[in-house]
Amino acid sequence: MLAVEGLTCRFGTKAAVDNANYTIAPGAFVGVIGRSGAGKSTMLRMINRLAEPTAGRIMFDGLDVTALKGRELRQWRARSAMIFQQFNLVGRLDVLTNVLMGRLSGMPQWRSLTQMWPDEDRALAMSALEQFDMAQYASQRADQLSGGQQQRVAIARALVQQPDLILADEPIASLDPRNTRIVMDALLRINKHFGITVMCNLHSLDLARTYCDRLIGMSAGRVVFDGAPAQLTEHIARELYDLEADEVMGSTPIHAPVGARVPEYGAAAVA
Ligand SMILES: Nc1ncnc2c1ncn2[C@@H]1O[C@H](COP(=O)(O)OP(=O)(O)OP(=O)(O)O)[C@@H](O)[C@H]1O
């Protein structure tokens, strides 16, 4: 269980996140929504401790995440895998090595320097690539892949960290509609098949409604909505997004049944 208590992050006088309070049960798929600048990235980055809270606490299963330092903080970062809009792969390295990077935190430093990966780690990494139909690209340089493929490699890397929590910061922001769907399906698969909690920042309300079982709506740093997608009325959505409402609510519904559907092995294969 993740518990956020009075969580605040100020940059100068401005509160990017202002007194956020919520709990997230294991296995949830939570969408963090809101217009640009609402504080979504800062919220996720604080949970991973990439951004330092100014006040408040983050608790995870009794662990005070806000107090962690050194090795314990590195362990927490492995348990709360981040996925970024720009994938953050090492372009000149092959796909398999990029995925194996997700195993680094559990490895002695001398071994990580030699890049002599244990067989079981290689097997785990290949299996993660297979989950997202990327195994055939294992020996290819990461920078030769399309954006959607790169993001699937990043998701495979997150998966081999064997995290408790995946924090995805606008993971589809630079993808076309087809790859958006493939990547969101990959996250849904991780969530439903492996039971890993997912928190995902999304600009598109349509996507958030389609994939998430709970939405946290932010505006000017504050949590102004917290509930099931069905509870987010058009009226609240318009308040949340203001002038951006028409843009994010879209005109074409995305036909993916909410919640229960888990993409089959290979469903993401059509890249
Ligand atoms: N390192 C920083 N220094 C100063 N201000 C920052 C910093 N990071 C974020 N902010 C400010 O905090 C506010 C929230 O930013 P944040 O990136 O968390 O919002 P967001 O909802 O993720 O927006 P977007 O969807 O555009 O990424 C913004 O006003 C932003 O300018």
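Thresholds applied
- Residues numbered from 1 in each chain as written.
- Predicted model: local features only at pLDDT ≥ 70, side-chain atom pairs only at ≥ 80, totals over all residues.
- Pairing = 2+ DSSP bridges.
- Helix = DSSP H or I, 4+ residues; strand = E, 2+ residues; numbered from the N terminus.
- Axes fitted to C-alpha atoms, helices over the stretch in contact; angles between N-to-C directions.
- Buried ≥ 20, exposed ≤ 12 C-beta atoms within 10 Å, placed from the backbone.
- Right-handed = clockwise from strand over helix to strand, strands pointing away.
- Near = placed C-beta within 6 Å.
- Nonpolar A, V, L, I, M, F, W, Y, C, P; charged D, E, K, R; others polar.
- Core = buried A, V, L, I, M, F, W, Y, C linked by C-beta atoms within 7 Å.
- Contact = placed C-beta atoms within 7 Å.
- Parallel < 35°, antiparallel > 145°, perpendicular 65-115°, else oblique.

S.K.: It is not clear to me how the sheet that holds strand S3 (residues 29-33) should be interpreted in this structure. Could you clarify?
M.R.: Where strands meet in a sheet, backbone hydrogen bonds hold them as pairs that are either parallel or antiparallel. Pairing is mixed across the open sheet formed by six strands, whose spatial order is S6-S7-S8-S3-S9-S10. Each having just a single partner strand, strand S6 (80-84) and strand S10 (222-227) make up the two edges of the open sheet. Taking each pair of neighbouring strands and ignoring which way they run, the sheet shows an average axis angle of 20°. As paired strands, strand S7 (residues 165-169) and strand S8 (residues 197-202) are joined by five bridges and run parallel to one another.

S.K.: Looking at this structure, how should I read the pairing of S7?
M.R.: Each regular strand displays side chains that alternate between the two surfaces of the sheet. For S7, a buried count of five out of five residues is recorded, marking the element as mostly surrounded by other parts of the structure. Across the two faces of S7 the burial is the same, with Leu165, Leu167 and Asp169 and Ile166 and Ala168 all buried. Relative to S7, S6 runs parallel, the two being bridged by five bridges. Following the sheet pairing, Ala81 is matched in S7 by Ile166. As for the winding sense of the linkage, the β-α-β connection from S7 through helix H7 (residues 177-194) to S8 is right-handed.

S.K.: Is there a simple way to think about the site of the ligand in this case?
M.R.: Around the ligand, the structure places Phe11, Ala16, Gly34, Ser36, Gly37, Ala38, Gly39, Lys40, Ser41, Thr42 and His203. If you tally residues by element for the shell around the ligand, the top one is helix H1 (residues 40-47), at three residues. Residue composition of the shell around the ligand, by class: three nonpolar, seven polar and one charged.

S.K.: Looking at this model, I keep getting lost on the nonpolar core. Mind explaining?
M.R.: It is characteristic of soluble globular proteins that their nonpolar side chains tend to be buried jointly. Among the nonpolar cores identified, the biggest contains 75 residues, and Val99, Ile155, Ala156, Ile166, Leu187 and Val198 are the most heavily contacted of them. Other than its neighbours up to four places away in sequence, Ala156 contacts Val99, Ala128, Leu129, Gln131, Phe132 and Met134.

S.K.: How do you make sense of the sheet that holds strand S1 (residues 2-11) when you look at a structure like this?
M.R.: Read from one edge of the open sheet, four strands run S2-S1-S4-S5, paired in antiparallel fashion. Edge positions in the sheet fall to strand S2 (14-24) and strand S5 (63-64), since each of these pairs with one other strand and no more. With two bridges joining them, strand S4 (residues 55-60) and S5 adopt antiparallel strand pairing. Residue pairing for S5: Phe60 is matched across the bridge by Leu63. Contacting S1, S2 and S4, H1 runs over the sheet at an angle of about 60° to S2.

S.K.: So what exactly am I meant to see when it comes to the environment of Gln86 here?
M.R.: Tracing the chain through its elements places Gln86 in the loop between S6 and helix H3 (95-100). The spatial distance from the C-alpha of Gln86 to the C-alpha of Ile172 is 9.1 Å, given a sequence separation of 86 residues.

S.K.: I'm lost on the packing of helix H6 (residues 147-160) against H7 in this one. Help?
M.R.: Two quantities define a packed helix pair, namely the angle between the axes and the distance from one axis to the other. Two numbers describe how H6 lies on H7: the axes approach to 9 Å, and their chain directions differ by 10°. On the basis of their axis angle, the class for H6 and H7 is roughly parallel. Of H7, the residues touching H6 (which contributes Gly147, Gly148, Gln151, Arg152, Ile155 and Leu159) are Asn179, Ile182, Val183, Ala186, Leu187 and Ile190. Taken together, the residues that form the contact of H6 with H7 break down as seven nonpolar, four polar and one charged.

S.K.: Could you clarify how one ought to interpret H1 in this entry?
M.R.: The α-helix advances 3.6 residues per turn, and as a result positions three or four apart in sequence lie on the same side. Within H1, seven of the eight residues are buried, leaving the element largely enclosed by the surrounding structure. All of the buried residues along H1 are Lys40, Ser41, Thr42, Met43, Leu44, Met46 and Ile47. Positive phi appears at Arg49, one or two residues downstream of H1, with a value of about 70°.

S.K.: Can you walk me through unusual backbone geometry in this structure?
M.R.: Across the chain, the bulk of peptide bonds are trans and the bulk of non-glycine residues have phi less than zero. Positive phi outside glycine occurs at Arg49, with the angle close to 70°. You can see Arg49 is positioned in the loop between H1 and S4. Residue Arg49 is classed as partly exposed on the basis of its 18 C-beta neighbours within 10 Å. The phi dihedral of Asn88 falls on the positive side, at around 55°, and the residue is not glycine.

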